[in-house]
Amino acid sequence: IIKQMSAITKEKLLQALKHFFGYDSFRLQQENIITTILSGKDVLAIMPTGGGKSICYQLPALLFPGITIVVSPLIALMKDQVDSLLADGIPAAFLNSSQSSSEQRNIIERAKRNELKLLYIAPERLGNNSAQFFDFLKGLNPSLFAIDEAHCISQWGHDFRPEYLQLATLKKHFPETPVIALTASADKITQTDIVDKLQLHAPEQFVSSFDRPNISYYIRPKQNTFAHIIAYLRQHPDYNGIIYALSRSSTEEIAKKIADSGIYTAYYHAGMNAEDRSRVQEAFQRDEIRVVVATIAFGMGIDKSNVRFVIHYDVPKNIEGYYQETGRAGRDGLHSDAILFYSVGDIIKLKKFIEIDGNAEQTAVVSKKLQQMQTLCETESCRRQYILQYFGESAPSFCGNCDFCLGDREERKATEDAQKVLSAIARTGERFGSNYIVDFLRGSDSEKILREHKALKTYGIGRNLKKEEWQLLIKQLLQQQLITKSDDLYPILKLNDKSWQVLRGDLDVKMITKKREEEVAVEAPEYDNTLLKHLKEVRLQLAGRENVPAYIIIADSALVELATYLPQTFEELKMISGFGDYKISKYGAEFLQVIKSYSNEQNLESRIHLKSPKRERRSTPAKNNKDTGNTRYISLQLYQQGNTIPEIASIRGISPVTVETHLSSFIATGELNIDRFVTGGKLERIIEVIRSTGQINALKPIKDLLNDDYSYGEIRMALEYYKSRM
């Protein structure tokens, strides 16, 4: 069987992907993961939330002759997955404590009759006293085991669950059956521990990019927080999302305040009874509740694809948790926001609760993770870069989609100051932390500065900068990996190979500072908003008929594609991402009827020929630019009145860079002509560099390949022009 499975061609895999799930191509490392599983090997797959982990075991499950057993940690998550599979016409079921004895017996009998392709179970089913259940599984002769949220098995992870340790028995009972372990948030230590604890046999490990490019990260000071939340919700009336708070009482208090302001809101926490929790969750999934204020108890069971924002009212305990929680937004690939309100007070509060009795080693792990979370909140650099580097992934210093990169950034040459820092670290023996180095540079008279160090020539050479400026430079040197920091309780700074390149003058250093300003929205694709509303109404009717959440019928991203490309036939409908053969046969006629009727009324034709054959992530439908409250449109009006970019910056009290960013968005929409900002010859050269690098988000890599005749403003404008044409 394994030989037969491993011989399946890529063409056959793509046909199966299209037939069952409606997608034209694989994402990230899905294809490699699936072919590895089909060859009979164990797999550890690390993929971002919303990156398509489920396909990695669901498609092999449909190709293998036997049943696939999926271990999932939450009842709600099982139900959501099974509902999605049933909506695609795939026979699946779950076994858990929410079912009656007769319901469970019925599922077991269906499995014995080979009527199911996937069976979801809780990890507790495989406990030490589960001999009868293992006998049942052996009778099924499963083709594959899938362990979802596999980080729960590791004590080094952020969400350790003792019941997951029982999964080690799987390999004892089924040594020849392949196992795939999947998670979205595991650092390298946790990844190693997962392999060890599950006793996987020489597994192939696939670590996809942790980047979620459609999510904008914002970290705000925790001041007037409630007013900011209300303002955000009113500015985005079509958005639904989750607000996380640490305590149960906070969730209730925040939810009441939001509800009192006229926005339909509910709260969710572990102190509620099961019936109330289920009611809130189902109402949110069905878009009956727009906002849920919750503790982290609300999360792993949510597979809702169209969550548009995640707000953290309180600071999370670690970056893994933060990453996983923010990843619940934008699973459909559309633009979404992750907003965190930060205060040092939250960190101080959390420090009181992280000690684990009788386990100093685990306490140290948790403490370090909290410190890294604090650094993310305080860093004066790209948020996305910090997150990706935390997970061991290299990233540029400018993502163009976080509060730091969207703000007014100033870049200055800092090589000489960096050399002072590096020299101080070297001369003091690489034995001290940042505070000592800063005091040494500034010539502090403190007794903590060793006498022999006060005699060094470099002592006091940094009096030209304030303490805060040196601290910021050290943070950026760490961020740019020009120095390293030890993992000790009191971390010390050390030099690396790049440090010596800077000291020798072979590598220049630039320091970035920014003035925090307003968010810059991501531009929307062109689509027909009225038609989109009609399509959502049809989807809601279908969801009511099927008694499932609306997004189970079809994702928002697919509806946006329908309203953009106006397919008129079943063949054209196949080109819309998410419409597999089953969904086309079941729902296609009703969607097509609405599109064709609307197209006839408005004298519109199919635009499917404009669609790229590849599945692409799109930005969320944004508000009309021509909203007088829109800060970008104000800049446009001033420009159209004849003001130059510097004059607009002076009038509005913002930087020229911000004005350029505002105006570039209107180049993307075609409301401004690129020729006003970039001459033809320069435009061609910039686009040539963009194509050669494949870089469409960061400016610096492009600037580095051009001479000084090209400004960042010209590159920014050219990029927007290129992306709009692409």
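In case you missed it, the structure is sitting above this.
The shown structure was predicted, so the numbers you read here are calculated from the model rather than taken from an experiment.

Scoring rules and cut-offs
- Residues numbered from 1 in each chain as written.
- Predicted model: local features only at pLDDT ≥ 70, side-chain atom pairs only at ≥ 80, totals over all residues.
- Heavy atoms only, no water.
- Axes fitted to C-alpha atoms, helices over the stretch in contact; angles between N-to-C directions.
- Helix = DSSP H or I, 4+ residues; strand = E, 2+ residues; numbered from the N terminus.
- Parallel < 35°, antiparallel > 145°, perpendicular 65-115°, else oblique.
- Contact = heavy atoms within 4.5 Å.
- Nonpolar A, V, L, I, M, F, W, Y, C, P; charged D, E, K, R; others polar.
- Pairing = 2+ DSSP bridges.
- Phe/Tyr/Trp six-rings, centres within 6.5 Å; stacked < 30°, edge-to-face > 60°.
- Buried < 20%, exposed > 50% of the residue type's maximum accessible area, 1.4 Å probe, protein only.
- Lys NZ or Arg CZ within 6 Å of the ring centre and 35° of its normal.
- Left-handed = near helix turned anticlockwise from the far one by under 90°.
- Salt bridge = Lys/Arg side-chain N within 4 Å of Asp/Glu carboxyl O.
- Expected span 1.5 Å × (residues − 1).
- Polar contact = N/O pair within 3.5 Å; in protein donor to acceptor, adjacent residues only side chain to side chain.
- Disulfide = S-S within 2.5 Å.
- Core = buried A, V, L, I, M, F, W, Y, C linked by side-chain atoms within 4.5 Å.

Draft legend 1. Spotlight on the packing of helix α2 (residues 10-21) against helix α4 (residues 53-63). One can describe the packing of α2 onto α4 by two numbers: an axis separation of 11 Å at closest approach and a directional angle of 100 degrees. Classed by the angle they form, the pair α2 and α4 counts as roughly perpendicular. Residues Leu-13, Ala-16, Leu-17, Phe-20 and Phe-21 of α2 pack against Ile-55, Gln-58, Leu-59, Leu-62 and Leu-63 of α4. Across the contact of α2 with α4, the residue classes break down as nine nonpolar, one polar and no charged.

Draft legend 2. Layout of the sheet that holds strand β2 (residues 68-71). As summarised here, the arrangement of the seven strands in space is β3-β4-β2-β5-β6-β1-β7, forming an open sheet in which the pairing is parallel. If you trace the sheet from one side to the other, it starts and ends with β3 (92-95) and β7 (204-207), each paired once. The average angle at which neighbouring strand axes cross in this sheet is 15 degrees, direction not considered. Examined bridge by bridge, β2 and strand β5 (residues 144-147) share four bridges and lie parallel to one another. Looking at the pairing, Thr-68 lines up with Leu-144 of β5. The sheet contacts of helix α9 (residues 188-198) involve β1 (43-46), β5, β6 (179-183) and β7, and relative to β1 the element is tilted by about 150 degrees.

Draft legend 3. Examining the packing of aromatic side chains more closely. For the structure shown, the criterion picks out 14 aromatic pairs. Measuring from ring centre to ring centre gives 5.0 Å for Phe-145 and Phe-174, while their planes differ by 55 degrees; the resulting arrangement is tilted. Pair noted here: Phe-145 is in strand β5 and Phe-174 is in the loop between α8 (169-173) and β6, with a separation of 29 residues, a long-range link. On the numbers, 5.2 Å between centres and 85 degrees between planes, the contact of Tyr-390 with Phe-391 is edge-to-face. Accessibility assignment for this pair places Tyr-390 and Phe-391 in one class, buried. Three or more aromatic residues joined by ring pairs make a cluster, and in this case those are Phe-210, Tyr-323, Tyr-390 and Phe-391. For Lys-682, the ring lying beneath its charged end belongs to Tyr-710, and the centroid distance is 5.4 Å.

Draft legend 4. Spotlight on the environment of Ser-635. Within the secondary structure, Ser-635 sits in helix α28 (residues 631-640). In sequence terms Ser-635 and Glu-660 are 25 residues apart; their C-alpha atoms lie 9.1 Å from each other. When near neighbours in sequence (up to four residues on either side) are disregarded, Ser-635 contacts Ile-648, Arg-652, His-662 and Leu-663.

Draft legend 5. Up close: the sheet that holds strand β10 (residues 265-268). Judged by pairing direction, the sheet is parallel, and its six strands sit side by side in the order β8-β13-β12-β9-β11-β10 without closing on themselves. Strand pairing shows two members of the sheet lacking a second neighbour, β8 (215-221) and β10, which therefore form its edges. Averaged over all neighbouring strand pairs, the angle between strand axes comes to 15 degrees, with direction disregarded. The sheet contact formed by strand β9 (residues 241-244) and strand β11 (residues 291-294) spans four bridges and is parallel. Along β11, the bridge assignment pairs Gly-241 with Val-291. Contacts from helix α13 (residues 319-326) reach β8, β9, β12 (309-312) and β13 (336-342) within the one sheet, and its direction differs from that of β12 by about 145 degrees.

Draft legend 6. Local environment of the packing of helix α29 (residues 645-652) against helix α30 (residues 656-669). Where α29 meets α30, the axes come as close as 8 Å, and the angle between the chain directions of the two elements is 110 degrees. For the element pair α29 / α30, the angle class is roughly perpendicular. You can see that α29 and α30 cross each other, and the crossing is right-handed. Contacts from Ile-645, Ile-648, Ala-649 and Arg-652 of α29 reach α30 at Pro-656, Val-659, Glu-660, His-662 and Leu-663. Here the residues of the contact of α29 with α30 sort into six nonpolar, one polar and two charged.

Draft legend 7. Spotlight on the pattern of salt bridges. On inspection of all chains with the given rule, the structure shows 28 salt bridges. Between Arg-110 and Glu-115 there is a salt bridge, with its nearest N and O atoms 3.6 Å apart. Between Asp-439 and Lys-448 there is a salt bridge; the shortest N-O distance is 2.8 Å. One continuous salt-bridge network, built from bridges that share partners, spans Lys-222, Asp-314, Asp-346 and Lys-349.

Draft legend 8. Representation of unusual backbone geometry within the structure. Here the phi dihedral of Ala-202 falls at roughly 40 degrees; this positive angle occurs in a residue that is not glycine. Assignment of secondary structure puts Ala-202 in the loop between α9 and β7. The phi dihedral of Asn-603 falls on the positive side, at around 60 degrees, and the residue is not glycine. With respect to the element layout, Asn-603 can be found in the loop between α27 (581-602) and α28.

Draft legend 9. Inspection of α2 at higher detail. Relative to the 16 Å expected for twelve residues at 1.5 Å per residue, α2 spans 16 Å between its end C-alpha atoms, a close match to the ideal helical length. On its buried face, α2 is in contact with α3 (30-38), α4, α5 (75-87) and α27. Where α2 ends, the next residue or the one after it, Gly-22, has phi of about 80 degrees, a positive value.

Draft legend 10. Summary view of the side chain of Ser-599. Topologically, Ser-599 is positioned in helix α27. Since its relative accessible area comes to 1%, Ser-599 is described here as buried. One polar contact links Ser-599 to Gln-568, side chain to side chain, over a distance of 3.2 Å. If sequence neighbours within four positions are ignored, Ser-599 has contacts with Leu-566, Gln-568 and Leu-604.

Draft legend 11. Looking closely at the pairing of β9. Alternating positions in β9 separate into two faces, Gly-241 and Ile-243 on one and Ile-242 and Tyr-244 on the other, with burial throughout. Sheet analysis places β9 next to β12, joined by four bridges and oriented parallel. Paired with Gly-241 across the strands is Phe-309, a residue of β12.

Draft legend 12. Representation of the state of the cysteines. Taken as a whole and assessed by the stated rule, the structure comprises zero disulfides. No disulfide involves Cys-402; its nearest neighbouring cysteine sulfur is the one of Cys-405, lying 3.7 Å away. On the basis of relative accessible area, Cys-405 is assigned to the buried category, the value being 5%.

Draft legend 13. Highlighting the nonpolar core. Core analysis: the largest hydrophobic core is formed by 95 residues, its most contacted members being Leu-119, Leu-126, Leu-137, Ile-147, Phe-677 and Ile-686. Listed in part, the 34 residues of the second largest apolar core include Leu-17, Met-78, Leu-144 and Ala-146.

Draft legend 14. Representation of the side chain of Thr-458 in the model. For Thr-458, the location among the structural elements is in the loop between α20 (451-454) and α21 (467-479). With near-sequence residues (within four places) excluded, Thr-458 lies in contact with Ser-423, Arg-427 and Phe-440.

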